[in-house]
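# Geometric and topological summary
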Amino acid sequence: MKSISVREIAKFFNGEIVGDDSRSFALVSKIDQAIPGSLSFLANNKYEDHLYSSAAGIILVSRTMELKKETDATLVKVDDPYSAFCEILNKYFNTYSEKKGIEDKAYIDKSTICGKDVYLGSFSYVSANCKIGERVKIYPNSFIGEGTVIGADTVIYSGVKIYHDIKIGSQCIIHSGCVIGSDGFGHAPQRDGSYLKIPQLGNVVIGDHVEIGANTTIDRATLGSTVIGNGVKLDNLIQVAHNVEIGENTVIAALAGVSGSVKLGKNCVIGGQVGFVGHIAIADGTQIGAQSGISKNVDEPGKQWIGSPIMPLQDAFRTQVVYRKLPALKAKVEELEKQINELQRNGQ
Amino acid sequence: MKSISVREIAKFFNGEIVGDDSRSFALVSKIDQAIPGSLSFLANNKYEDHLYSSAAGIILVSRTMELKKETDATLVKVDDPYSAFCEILNKYFNTYSEKKGIEDKAYIDKSTICGKDVYLGSFSYVSANCKIGERVKIYPNSFIGEGTVIGADTVIYSGVKIYHDIKIGSQCIIHSGCVIGSDGFGHAPQRDGSYLKIPQLGNVVIGDHVEIGANTTIDRATLGSTVIGNGVKLDNLIQVAHNVEIGENTVIAALAGVSGSVKLGKNCVIGGQVGFVGHIAIADGTQIGAQSGISKNVDEPGKQWIGSPIMPLQDAFRTQVVYRKLPALKAKVEELEKQINELQRNGQ
Amino acid sequence: MKSISVREIAKFFNGEIVGDDSRSFALVSKIDQAIPGSLSFLANNKYEDHLYSSAAGIILVSRTMELKKETDATLVKVDDPYSAFCEILNKYFNTYSEKKGIEDKAYIDKSTICGKDVYLGSFSYVSANCKIGERVKIYPNSFIGEGTVIGADTVIYSGVKIYHDIKIGSQCIIHSGCVIGSDGFGHAPQRDGSYLKIPQLGNVVIGDHVEIGANTTIDRATLGSTVIGNGVKLDNLIQVAHNVEIGENTVIAALAGVSGSVKLGKNCVIGGQVGFVGHIAIADGTQIGAQSGISKNVDEPGKQWIGSPIMPLQDAFRTQVVYRKLPALKAKVEELEKQINELQRNGQ
């Protein structure tokens, strides 16, 4: 790893150096577990104390930071220390993923159109009539079904399974074990108790800059499309059912389940293990706490909810406090009953 | 796509045509988002208004439908419009899955017996001593362990992993990423705090007409078999533990977990994210709402339950209503306490 | 299957034979569903009645067992019947997994170092600069990323995906569909509502004797390591987020989710579908019931908890009892209110 100078960093982010501007770094670390001499960052001014105790040689801080005492570290004041740190990691430290070319043991159908500088790993299978954009990387053991289209610069890690006729945007990241385009769960009950399979003839359309976590599943639509908007981030082991639509920049944590035809707004934040019943609509900017269950539309945008079924966050906390002391409440009611009986006897 | 005449459809379902019987269609769509001229259906008479506003050219309706006003669409009266629509989709529109033959880069052990017209995709691996039925389709990147038997017409999508000695019936559909026959989760605690692995020597037996969703896992039995009955439908990301038995035509939604040795009845409907503790039995026809937790036997068949732990559906709703107003109930109890104190003071 | 004599078993476990010591067995079964003449075991003396009714020919029992009546079965008294039974299964009946050698259609990079007697199945891909220990078994269709190290005697079933720079100990078992080392779910919110990806540059370090269930996902750390201690057992479909640390011999049931930077103690037992919020610490020996939600540190070791949010087990049960009768409690409060009104009227 080569050494990067604090001046280079300050110049790149239009930052202000406070302290020794001749320093450089070759490693990065967290401020509370800093490797001596490394680059670190302080995202939140309220943890300012770390500035004076950290072993980090250079620390990215906010432009609004005002030092209360001296520090050995060189500070670089920037607009957004966390984002700047991420950009440095991406630019200098993320040396993975430089693969190119189609490996010998891969299979790609002749009818498929492939952009420049694609990487296709061994034992990956690209079916007929696909379009694979420039610089797409498909790691080993992945499967791309017929007629599927993948936009430029998208990365598909090993063991991803994408069915036929799926559309995936550019600059997406799809982690191992994801399944995209499996049949929606649709079965019409018959008189004898058995079920008739409802054919799932739609597809999945995924926007740009989407990241999908490991072993997450996204079902194809019955008719039409299951739609994942630009910038959506899905964690691992999430279920997205048929005909769901997820708005731009919504993030969903692991093990959540979104039932059929749910329409999730933009910029929502959904906690882990949350479940939505089918055919409901959730307003933009909705935030839902972990393990919640949502059974009705959420119409008002930008509110926070929790519980199963969900309640506004503050109401839920107040209710939980009472819930946790229910036996005492019951005992009090019984005590009051006794006292009333006493009063009634005395009154006679 | 060729054009299909309304007369052909009416004849096939022994249906009655109301309106222009010279029409035909080449597309299908949902009645509330209908493509002009396409075939659609009305499953529930209470949404009858769609009949008069839909752009669909032909609409399948129930024999019991009586028109309140005129419609431009040609209607076809049939016994079950939804099922008829599904059958039409399957018959005319489901052109996927016509693959046959063993691709060059597949591996199949010499000792394995293969029926006629099997499809085996590249990078799929079929181990020794398997029996693969006629017209079975195994898409690329799947693995079939030693001694496993797969019935005729079953479809195994890409990236399915089936361990050794598993039995799968005919006309099943197994979606990508499923794991069938992994070891049950059995570990005997030892005095030093560590665990001894309990060998999992049983298998999994899956009936006919079973569909299993993407990334669902079904563990092999410790001894004996984990059993999935005929006609069972499992959604994505479901966990079925060792020695579970699931009765015929039971359906389970995504992210549910069925613990070891649970015996689930026939014709049950289990919601998403439901969990069962081990070693319990659930009566036939039981319906359980999403996110419920079941910790005891359900003995009475055909009832509806919800909650964690479960309660009868109506009781649960009544209880939830009170729960959501617990802070008000507590306030009222405190108010009553005050009034009683007042009464007591006055009575002295 | 060859026949094993009761004397051989008794000798191996230093056991005492009660009854006919000339017997032998070729099959094993559960005591309540015993195959005639097979070997079985009685783990818990309170089910003693099975001893007198079972068809088993030989039964392993505890040294403390005292017979109340005669039985046809030959008994072998040992220290721990269940563990002895497991060891017999492992020693004589677990004939699976005898594979060796690198199959023709596998890919292994020249720079990778491979121990003696490794098995590498077809369509498995081992990247550059890995170290694969002696007798490691990697079944078909698995992927091992660059620089990953796997300890001796570890078994990796088909379709496992392990990213780069991961460390896995010896004698581990990793089931099909597991993903190890996918990116942690880290995205820094930007002013325009989009997210900037936080590079995930750490890795995953897994100890010895760890078993990981099918389709479980373990994310790599942002910086540093996600750590799975020796002897940890994870069931299927579990999510372990970035920078989590799980202590030795902790077991977690299916569909549980452990959020980022959680520190789980040693010897914990975590139920199915449990969820932990991020950045909390759980004391050693903690036991948490299924579907619980943990939002705060658990400081006191060895306690039992349940609920979402969790409560001590006994408190939770008492509270649930009241919860289930909330409508009656509300009715009683309303009745008391009426009586108080009555008393107030009478007192005027």
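Residues numbered from 1 in each chain as written. Chains lettered and ligands numbered in written order. Predicted model: local features only at pLDDT ≥ 70, side-chain atom pairs only at ≥ 80, totals over all residues. Heavy atoms only, no water.

## Let's talk about the relation of the copies chain C and chain B
For the pair chain C and chain B, the relating rotation is 120 degrees, the translation along its axis is 0.0 Å, and the fit reaches an RMSD of 0.1 Å. Within this description, the copies of the chain are treated as partners about a three-fold rotation axis. When each C-alpha of chain C is compared by its distance to the rotation axis, Phe123 of chain C comes out closest, at 3.5 Å. (Least-squares fit on C-alpha atoms with pLDDT ≥ 70 in both.)

## As for the domain arrangement of chain A
All names here are of chain A. Per the domain assignment, the segments making up chain A are domain 1 (4–93), domain 2 (99–311) and domain 3 (312–345). Taken over C-alpha atoms, the centre of domain 2 sits 47 Å from the centre of domain 3. Each side of the interface is counted separately: domain 2 has five residues, and domain 3 has five residues. It is Gln304, Ile306 and Met311 in domain 2 that bury the most area against domain 3; as a group they hold 86% of the surface buried on that side. If you look at where domain 2 meets domain 3, you find zero salt bridges. (Domains from an automatic or database assignment. Contact = heavy atoms within 4.5 Å. Buried area = accessible area lost by both parts, 1.4 Å probe. Salt bridge = Lys/Arg side-chain N within 4 Å of Asp/Glu carboxyl O.)

## Looking at helix α5 (residues 326–347) of chain B
Helical geometry note: an α-helix holds 3.6 residues per turn, so side chains three or four residues apart project in the same direction. Given a rise of 1.5 Å per residue, 22 residues ought to cover 32 Å, and the 31 Å separating the end C-alpha atoms of α5 of chain B matches this to within 8%. Every buried residue of α5 of chain B is listed here: Leu326, Leu329, Val333, Leu336, Gln339, Ile340 and Leu343 of chain B. Down the axis of α5 of chain B, the smallest arc covering the buried residues is 135 degrees, so these residues share one side. In this structure, α5 of chain B carries Lys338, Arg345 and Asn346 of chain B as exposed residues pointing more than 90 degrees from its buried face. Along its buried surface, α5 of chain B packs onto α4 (313–323) and α5 (326–347) of chain A, α4 (313–323) of chain B together with α5 (326–347) of chain C. (Helix = DSSP H or I, 4+ residues; strand = E, 2+ residues; numbered from the N terminus. Expected span 1.5 Å × (residues − 1). Buried < 20%, exposed > 50% of the residue type's maximum accessible area, 1.4 Å probe, protein only. Arc of directions from axis to C-beta.)

## Quick word on the interface of chain C and chain B
Listed as interface residues are 62 residues of chain C and, on the opposing side, 65 residues of chain B. Roughly 5000 Å² is buried in total at the junction of chain C and chain B, and carbon and sulfur atoms are behind 64% of that figure. Summed over the shared surface of chain C and chain B, the number is two salt bridges. If you look at where chain C meets chain B, you find 23 residue pairs in polar contact (both at pLDDT 80 or more). Looking at the side of chain C that touches chain B, the element that brings in the most residues is α5 of chain C, giving 12 residues. (Polar contact = N/O pair within 3.5 Å; in protein donor to acceptor, adjacent residues only side chain to side chain.)

## What about the packing of α4 of chain B against α5 of chain C?
Axis angle and axis distance: for two packed helices, these are the angle between their axes and the distance between the axes, and together they describe the pair. Remark: α4 of chain B packs on α5 of chain C, axes separated minimally by 8 Å, with the N-to-C direction vectors making an angle of 55 degrees. Put simply, α4 of chain B runs oblique to α5 of chain C. Every residue of α5 of chain C that contacts α4 of chain B at Arg318, Thr319, Val322 and Tyr323 of chain B is listed here: Leu326, Pro327 and Lys330 of chain C. (Axes fitted to C-alpha atoms, helices over the stretch in contact; angles between N-to-C directions. Parallel < 35°, antiparallel > 145°, perpendicular 65-115°, else oblique.)

## Comments concerning helix α3 (residues 81–93) of chain A
Over its 13 residues, α3 of chain A runs 17 Å from end to end, which matches the ideal 18 Å to within 8%, given 1.5 Å per residue. Residues of α3 of chain A that are buried: Pro81, Ser83, Ala84, Phe85, Cys86, Ile88, Leu89, Tyr92 and Phe93 of chain A.

## A look at the packing of aromatic side chains
If you walk through the whole model with that rule in mind, you get 33 aromatic pairs over all chains. Ring centres of Tyr119 of chain B and Tyr139 of chain B lie 5.3 Å apart, and the angle between their planes is 70 degrees; this geometry places the pair in the edge-to-face category. Placement of Tyr119 of chain B in strand β10 (residues 119–120) and of Tyr139 of chain B in the loop between β13 (137–138) and β14 (143–144) is noted, with a sequence separation of 20 residues between them. Of the residues examined, Tyr119 of chain B reaches a relative accessible area of 1% and is grouped as buried. For the pair Phe12 of chain C and Phe13 of chain C, a centre-to-centre distance of 5.0 Å together with 85 degrees between the ring planes defines the contact as edge-to-face. Using a relative accessible area of 47% as the deciding quantity, one classes Phe12 of chain C as partly exposed. The exposure class assigned to Phe13 of chain C is buried, which follows from its relative accessible area of 15%. (Phe/Tyr/Trp six-rings, centres within 6.5 Å; stacked < 30°, edge-to-face > 60°.)

## Here we look at unusual backbone geometry
In this model, Ser308 of chain A is joined to Pro309 of chain A through a cis peptide bond whose omega is 0 degrees. The residue Pro309 of chain A is located in the loop between β38 (304–306) and β39 (311–312) in this model. With a phi close to 65 degrees, Asp153 of chain C is a non-glycine residue in the positive phi region. You can see Asp153 of chain C is positioned in the loop between β15 (149–150) and β16 (155–156). Positive phi, normally seen in glycine, also occurs at Gln291 of chain C, with a value near 65 degrees. Inspection of the secondary structure assignment puts Gln291 of chain C in the loop between β36 (287–288) and β37 (293–294). Its relative accessible area of 17% is what places Gln291 of chain C among the buried residues.

## What to know about the pattern of salt bridges
One pass over the full model with this rule turns up 39 salt bridges over all chains. Residues Lys197 of chain A and Glu211 of chain B are paired through a salt bridge, measuring 2.9 Å at the closest nitrogen-oxygen approach. Of the two residues, Lys197 of chain A is situated in strand β22 (residues 195–197) and Glu211 of chain B in strand β24 (residues 211–212); the pairing between them involves two chains. According to the relative accessible area criterion, Lys197 of chain A is buried, its value standing at 17%.

## Quick notes on the environment of Gly37 of chain C
Residue and element names in this part refer to chain C. Tracing the backbone through its elements, the reader meets Gly37 in the loop between β3 (24–25) and β4 (39–41). Since its relative accessible area comes to 37%, Gly37 is described here as partly exposed. Ignoring sequence-local partners within four residues, the contact set of Gly37 consists of Ser24, Phe25, Ala55, Ala56 and Gly57.

## Examining the sheet that holds strand β38 (residues 304–306) of chain C
Residue and element names in this part refer to chain C. The 12 strands are arranged β7-β10-β13-β16-β19-β24-β27-β30-β33-β36-β38-β39 in an open sheet whose pairing can be described as mixed. Here the strands that pair on one side only, and so sit at the sheet edges, are β7 (101–102) and β39 (311–312). Note that strand β10 (residues 119–120) and strand β13 (residues 137–138) share two bridges and pair parallel. Following the sheet pairing, Leu120 is matched in β13 by Ile138. (Pairing = 2+ DSSP bridges.)

## Some thoughts on the pairing of strand β5 (residues 58–62) of chain C
Residue and element names in this part refer to chain C. For β5, the buried fraction is high: five of the five residues fall into the buried class. Burial along β5 is two-sided: the face carrying Ile58, Leu60 and Ser62 and the face carrying Ile59 and Val61 are both buried. Note: β4 against β5, three bridges, orientation parallel. Across the sheet, residue Phe41 finds its bridge partner in β5, namely Leu60. Pairing geometry for β5 and strand β6 (residues 74–78), over five bridges, is parallel. The residue bridging Ser62 from the neighbouring strand is Val78, located in β6.

## Digging into the side chain of Lys77 of chain B
Residues and elements named next belong to chain B. On the secondary structure map, Lys77 appears in strand β6 (residues 74–78). Of the side chains with opposite charge, Glu16 lies nearest to the buried Lys77, which makes no salt bridge, at 4.8 Å. For Lys77, the side chain forms a polar contact with the main-chain oxygen of Met65, separated by 3.0 Å. Not counting residues within four places of it along the chain, the set of residues in contact with Lys77 comprises Gly15, Glu16, Val18, Val61, Ser62, Arg63 and Met65. (Lys, Arg positive; Asp, Glu negative; His and termini not counted.)

## Examining the interface of chain B and chain A
Tallying the contact residues gives 64 residues for chain B and 66 residues for chain A. Roughly 5100 Å² is buried in total at the junction of chain B and chain A, and carbon and sulfur atoms are behind 65% of that figure. The tally of links from chain B across to chain A stands at two salt bridges. Between Glu337 of chain B and Lys332 of chain A there is a salt bridge, with its nearest N and O atoms 3.2 Å apart. Across the contact surface, chain B and chain A share 23 residue pairs in polar contact (both at pLDDT 80 or more). Counting residues per element, the ones that place at least two in the side of chain B that touches chain A are α3 (81–93), β27 (233–234), β30 (251–252), α4 and α5 of chain B. Here the side of chain B that touches chain A takes 12 residues from α5 of chain B, the largest share from any one element. Of the residues contributing to the side of chain B that touches chain A, the split by class is 29 nonpolar, 20 polar and 15 charged. (Nonpolar A, V, L, I, M, F, W, Y, C, P; charged D, E, K, R; others polar.)

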